[in-house]
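# A look at the structure
As a plain string of letters, each chain reads:
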Amino acid sequence: MNIGVAYDNGQIAQNLGSCRTFLVVTTEGQNPTGKHLAQAEGDSTTALLKLAGLEKLDVLICGSLGLAIRNALEMIGVLLVPGCEGSAEEAVAKFLVGEKQGDPTLLEIGREEDPDDPMACMHDCAKCAGCGPIEILKQIPVEEVK
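Residues numbered from 1 in each chain as written. Predicted model: local features only at pLDDT ≥ 70, side-chain atom pairs only at ≥ 80, totals over all residues. Heavy atoms only, no water.

Moving on to the side chain of R20. Here R20 shows up in the loop between β2 (11–12) and β3 (21–28). Of the polar contacts made by the side chain of R20, one reaches the backbone oxygen of G17; its length is 2.8 Å. (Helix = DSSP H or I, 4+ residues; strand = E, 2+ residues; numbered from the N terminus. Polar contact = N/O pair within 3.5 Å; in protein donor to acceptor, adjacent residues only side chain to side chain.)

Within the secondary structure, N2 is located in strand β1 (residues 2–8). N2 sits in the buried class, given a relative accessible area of 15%. A distance of 3.2 Å separates polar atoms of two side chains, one belonging to N2 and the other to T26. Apart from residues lying up to four places away in sequence, N2 is in contact with V25, T26, E55, K56, L57, D58 and V59. (Buried < 20%, exposed > 50% of the residue type's maximum accessible area, 1.4 Å probe, protein only. Contact = heavy atoms within 4.5 Å.)

Inspection of the secondary structure puts L23 in strand β3. For L23, a relative accessible area of 4% gives the class buried. Among residues more than four places away in sequence, those in contact with L23 are I3, G4, V5, Y7, K35, H36, L37, A88 and E89.

Across the chain, the bulk of peptide bonds are trans and the bulk of non-glycine residues have phi less than zero. With a phi angle near 50°, N9 is a residue other than glycine that sits in the positive phi range. When you line up the elements, N9 lands in the loop between β1 and β2. N9 sits in the exposed class, given a relative accessible area of 73%. Of note, K56 is a non-glycine position whose phi angle comes to about 55°, a positive value. Inspection of the secondary structure assignment puts K56 in the loop between α1 (45–54) and β5 (59–61).

This part is about the packing of α1 against helix α2 (residues 67–75). One way to put it is that α1 packs onto α2 with a least axis distance of 11 Å and a crossing angle of 25°. On the basis of their axis angle, the class for α1 and α2 is roughly parallel. When the axes of α1 and α2 are compared, the crossing they make is right-handed. Along its contact with α1, which presents T45, L48, L49 and A52, the element α2 presents I69, A72 and L73. Partitioned by chemical class, the residues of the contact of α1 with α2 number six nonpolar, one polar and no charged. (Axes fitted to C-alpha atoms, helices over the stretch in contact; angles between N-to-C directions. Parallel < 35°, antiparallel > 145°, perpendicular 65-115°, else oblique. Left-handed = near helix turned anticlockwise from the far one by under 90°. Nonpolar A, V, L, I, M, F, W, Y, C, P; charged D, E, K, R; others polar.)

Shown next, in the form of structure tokens:
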């Protein structure tokens, strides 16, 4: 498993959106096997997503984060541990032993439950085919192949 931490001089960076350096810790089970610092090339959400993909992050420990980056990271399968502060290495150790940290309610902010939103995209249809096309497709009968 690869665990990333928004990094600022040994501490967890306060804001994920402005962070460009990440501590990446590789683990096997509960044991860390390696660590290195990785740089996000650029200052956009895309740069962070690219870094998460290149480093194959399974988990990202951070301070605050915005709704767009949260949604994007969740869509690529990164487990988020937001609202953390203090030592970056201690945060990884706490995560590995299952100790609760941070503020998980940050992930609930902006969450919209809508039974007519099959992709749970909160009507941000840039993330999927859009709710309209899905409903229209459901109404079109499937033709038999002859």
